[in-house]
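Secondary and tertiary structure notes
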Amino acid sequence: MTAGLFLTLEGIDGAGKSSHLDALEALFRAQGREVTRTREPGGTPLAETLRGLILEQPMDALTESLLVFAARRDHIVQVIEPALARGDVVLCDRFTDATFAYQGGGRGFDADVLSTLERWVQGGRPADPDALLQPDITIWFDLAPEIAAERLAGARVPDKFESQPVEFFRNVAAGYAARAADAPRFVRIDASQARDQVWHQIEAALRQRGAVTQ
Ligand code: TYD
């Protein structure tokens, strides 16, 4: 049976990651793969309810982190683990790297607490109790916060995070860079390029890593 592939997309708001989801899904389907497309916070009825609270309600950074990880736990148990066990490609718009970037970098929350929550939520699996569930590949859309802010301006009504000042996104971007420095699963994409060039970078990286073969 084909092994599941867990692929996540990350980047600051306005980096353009969501605009490549359709093409990514089509690319994997053309390889004969089943694709489970999902997002965080969200992906289950409970996690989508929590998403509404996280994106709209003011709250302290610990509360926000706990809700994000509670949503993630439900998402992993209900959707991600079963899909990977079936051999699907799980295409997930954001995952835990976003928590280290937004709550850790952006809001300045304690990374040790986030690491503890990460171990609780992504560890302790019967098949491999010592290993954490992590993406196989993380496509990181890296873009200067000033350019992202220009792209977002006027695009839609901003949510709680999108309405933050550019300084917040500088810290989020630094959070992503710190996570990427530690993890070879990260593929850095220069998201300042035109959309089709960004797509070429993504496709080339997936071929280079053997995730796409045909
Ligand atoms: P996003 O993925 O950009 O969705 P949309 O394109 O519909 O706006 O929005 C999710 C927001 O949630 C984004 O601003 C980042 C934030 N977020 C966190 O703060 N922590 C997390 O752990 C995750 C997954 C997202």
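Shown above is the structure to which this text applies.
This section reports on the structure supplied with the text. Predicted model only: the values in this text are computed from it and were never measured.

**A look at the packing of aromatic side chains**
What the rule picks out here adds up to eight aromatic pairs. Centre to centre, the rings of Phe6 and Phe95 are 5.0 Å apart; their planes meet at 75°, and the pair counts as edge-to-face. Of this pair, Phe6 sits in strand S1 (residues 5-11) while Phe95 is found in the loop between strand S3 (89-93) and helix H4 (96-106), placing the two residues 89 residues apart along the sequence. This pair shows no difference in class: Phe6 is buried, exactly as Phe95 is. Taken together, a centroid distance of 5.3 Å and an interplanar angle of 85° make the contact between Phe168 and Phe169 edge-to-face. The exposure classification of Phe168 matches that of Phe169, with both residues buried. The structure contains a cluster of three or more aromatic residues connected by ring pairs, namely Tyr102, Phe161, Phe168, Phe169 and Tyr176.

**Quick word on the site of the ligand**
Neighbouring the ligand are 16 residues; Asp13, Val68, Arg94, Thr99 and Gln103 lie closest to it. Within the side chain of Asp13, a nitrogen or oxygen atom sits 2.9 Å from an oxygen atom of the ligand. Between the ligand and Arg72, the relevant distance is 3.3 Å, taken from an oxygen atom to a side-chain nitrogen or oxygen of the residue. Notes on the ligand: free accessible area 550 Å², of which the protein chains cover 91%. Those elements that place two or more of their residues in the shell around the ligand are helix H2 (45-56), helix H3 (61-86) and H4. Among the elements that make up the shell around the ligand, the one with the highest residue count is H4 (four residues). Residue composition of the shell around the ligand, by class: six nonpolar, two polar and eight charged.

Analysis parameters
Residues numbered from 1 in each chain as written. Predicted model: local features only at pLDDT ≥ 70, side-chain atom pairs only at ≥ 80, totals over all residues. Heavy atoms only, no water. Phe/Tyr/Trp six-rings, centres within 6.5 Å; stacked < 30°, edge-to-face > 60°. Helix = DSSP H or I, 4+ residues; strand = E, 2+ residues; numbered from the N terminus. Buried < 20%, exposed > 50% of the residue type's maximum accessible area, 1.4 Å probe, protein only. Near = heavy atom within 4 Å. Polar contact = N/O pair within 3.5 Å; in protein donor to acceptor, adjacent residues only side chain to side chain. Areas by Shrake-Rupley, 256 points an atom, 1.4 Å probe, with all protein chains shown as cover. Nonpolar A, V, L, I, M, F, W, Y, C, P; charged D, E, K, R; others polar.

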